[in-house]
Amino acid sequence: MSVCMGKSTACLFGAFVILCCCISHVTSDAADHRYNKGDSVPFYANKVGPFHNPSETYKYFDLPFCSPANVEEKKEDLGEVLNGDRLVVAPYKLNFQIDKEPESICKKRLTKKEVAQFRHAVLKDYFYQMYYDDLPIWGFLGKFDSEDKDDPTGATVHLFTHVHFEILYNNDRIIDVFIRNDPRAVVDLTQNREVEVDFIYSAKWIETDTPFEKRLEKYSQTSSLSHNLEIHWFSVINSCVTVLLLTGFLAIILMRVLKNDFIKFTPDEEAVDDQEESGWKYIHGDVFRYPRFKSLFAAALGTGTQLFTLAIFIFMLALVGVFYPYNRGSLFTALVIIYALTSGIAGYYATSFYYMVEGKNWVKILVLTGSLFSGPLFFTFCFLNTVALAYNTTAALPFGTIVVIFLIWTLVTSPLLVLGGIAGKNSQSGFQAPCRTNKYPREIPQLPWYRTTLSQMAMAGFLPFSAIYIELYYIFASVWGHQIYTIYSILFIVFIILLIVTAFVTVALTYFQLATEDHEWWWRSFLCGGSTGLFIYGYCLYYYYARSDMSGFMQTSFFFGYMACICYGFFLMLGTVGFRAALIFVRHIYHSIKCE
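Residues numbered from 1 in each chain as written. Predicted model: local features only at pLDDT ≥ 70, side-chain atom pairs only at ≥ 80, totals over all residues. Heavy atoms only, no water.

The name given to the protein chain in an unreviewed UniProt entry is Transmembrane 9 superfamily member, with the source organism recorded as Phaseolus vulgaris. As stated in UniProt under Sequence similarities (unreviewed entry), the record for the protein chain gives "Belongs to the nonaspanin (TM9SF) (TC 9.A.2) family." (UniProt positions renumbered as here; feature names shortened; annotations may be inferred.)

Spelled out as structure tokens, the structure:
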């Protein structure tokens, strides 16, 4: 069976390598275009929406711009659709190296309803996004003057009507694109009346010596600025100090354990007194008693192992440069495919552990494993997609995309889950406990409040969270804002530190729990390890109300809904790490005293 799992792992790694190469190849080819003078350049309009609400985006032509009779949509991949991109051919014609004098796209008379639409968009700081030769372009719809920006009632509202493009090129390649709005070419939309508007655009081509390979560097410079790097490295050093302190703390614990083991064989009174302090020895007949709700416990371990594997693969893709700035949809595509491919890992580890602890119903454990994370995610998606449909935003997935995801789950995820479960069921490996378990459980003594599960979870989650909270801000500002995160090497270091701190803290708390003769450590170690996910969700509350300007029911529901799923995933993943570390530690110390 180990050979079978070895082959499965090799196949999974091979599939990962193919996925990595495919994503890198497709995205690099999509951006590497060479042009001759006068050639047509792909130009797409994407979406519009409030600047401070990244999830609340609408189709470009949902606003009454000059639109052609037949809007030509770009064929998008799965990741682009999941990212909320809805690209259509832009109403501008900018051929390579051809300057464009101010030219009218169209003249139209805005109705009162259309004026109200534009006015609402300007007051809400709407921006629009386009792609020219796969380079992102942003612009604001207009401007308003108000004494109180938080209360724009009575503000003077102006709509920009002239868009000027400045395009940098190097030989036969496009390097950069900028949008300039003429502050004098505006239309007053303050009054609720019909308005005549002439939408105009122009373009200027400018030669530059910037090489094509560096055209995306400006999007990652914010993360690489010296003061930002100092903050990131300070976070890493702070986390490393935490790891060193915990390592020393754990070493002291192990030394004490070994000392007590030696004292056990010393027949003097002082040794007897010391041995009485070692309460963990007295529960050797109960410490390996299988936990309650072992089917749920096994499913949580299997799902946590899958999510851990998913995180590692995503980091590998990031470190090889697949997720470069504005590589549309690559991250979502990778998440969907890798999650589907790693479902066999969840099935194997859940079922094998379930049979280790003398479980019998392997079908039940597979159903539970398959729905433990995807079930809450599915119900959250259904609710949020309904909200997005009600708001008519691009965050609402089309029916075809939902069908594709369902087929992936049906044809890939579920079969691999079952195959992994069959492999785990047939592994026939025992639990290998170093101590025999008594027939009747030992009574657990009354514990003080600070040794209860909730108190231990609070202590266990605080240290790992303190090691990552600085990096969390930059991640949130990237996912729920407009900053760009590109220093994945530092993020990977912080992730490794998070795993180490979680493991050490869980081991230390498990030791203290056993020392008080509390033998129910299985669930406690999992809950303590995963408690960092609860702290991250608490940080979500702080970020939303103190560090962001997000507002509105849709944006609020998307933020807290999807962050709840992400934090739940962290809970399962880190809980699995904590339990595995505690299991290794418990097996070691009880093996060292040679219980019979």
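K.L.:
Would you take a moment to explain the environment of proline 50 for this structure?
P.N.:
Structurally, the position occupied by proline 50 is in strand β1 (residues 43-50). For the pair proline 50 and methionine 550, spaced 500 residues apart in sequence, the C-alpha separation works out to 9.2 Å. The residues contacting proline 50, other than those within four sequence positions of it, are Glu56, Tyr58, Lys124, Asp125, Tyr126 and Phe127. (Helix = DSSP H or I, 4+ residues; strand = E, 2+ residues; numbered from the N terminus. Contact = heavy atoms within 4.5 Å.)

K.L.:
What should I look at first to understand the pairing of strand β12 (residues 195-207) in this one?
P.N.:
One face of the sheet, then the other: side chains in a regular strand alternate in exactly this way. In this sheet, β12 lies alongside strand β4 (residues 100-110) in antiparallel orientation, the contact comprising eight bridges. What sits directly across from arginine 109, in β12, is glutamate 196. Bridging between strand β9 (residues 162-170) and β12 involves eight bridges; their strand directions are parallel. Bridge pairing in β12 places histidine 164 opposite serine 202. (Pairing = 2+ DSSP bridges.)

K.L.:
Mind showing me how you'd approach the nonpolar core here?
P.N.:
The tendency in soluble globular proteins is for nonpolar side chains to be buried as a group. Grouped together as the largest cluster of nonpolar side chains are 92 residues, with contacts concentrated most on Phe353, Phe476, Leu514, Trp521, Phe559, Phe579 and Tyr590. With 17 residues, the top contributor of residues to this core is helix α17 (residues 553-592). Counting 49 residues, the second largest nonpolar core, distinct from the first, contains Val41, Tyr60, Val177 and Trp205. (Core = buried A, V, L, I, M, F, W, Y, C linked by side-chain atoms within 4.5 Å. Buried < 20%, exposed > 50% of the residue type's maximum accessible area, 1.4 Å probe, protein only.)

K.L.:
What should I look at first to understand the pattern of salt bridges in this one?
P.N.:
Pairing between side chains of opposite charge can happen when the charged atoms of each approach one another. One pass over the full model with this rule turns up 15 salt bridges. The partner of arginine 34 in a salt bridge is aspartate 172, with the nearest N and O atoms 3.4 Å apart. Residue arginine 34 is located in the loop between α1 (2-31) and β1, and its partner aspartate 172 is located in the loop between β9 and β10 (173-181); the two are separated by 138 residues in the primary sequence. A relative accessible area of 56% places arginine 34 in the exposed class. Two residues, aspartate 286 and arginine 289, come together in a salt bridge whose shortest N-O distance is 2.6 Å. In this structure, a network of salt bridges that share partners links the residues Glu80, Asp134 and Arg328. (Salt bridge = Lys/Arg side-chain N within 4 Å of Asp/Glu carboxyl O.)

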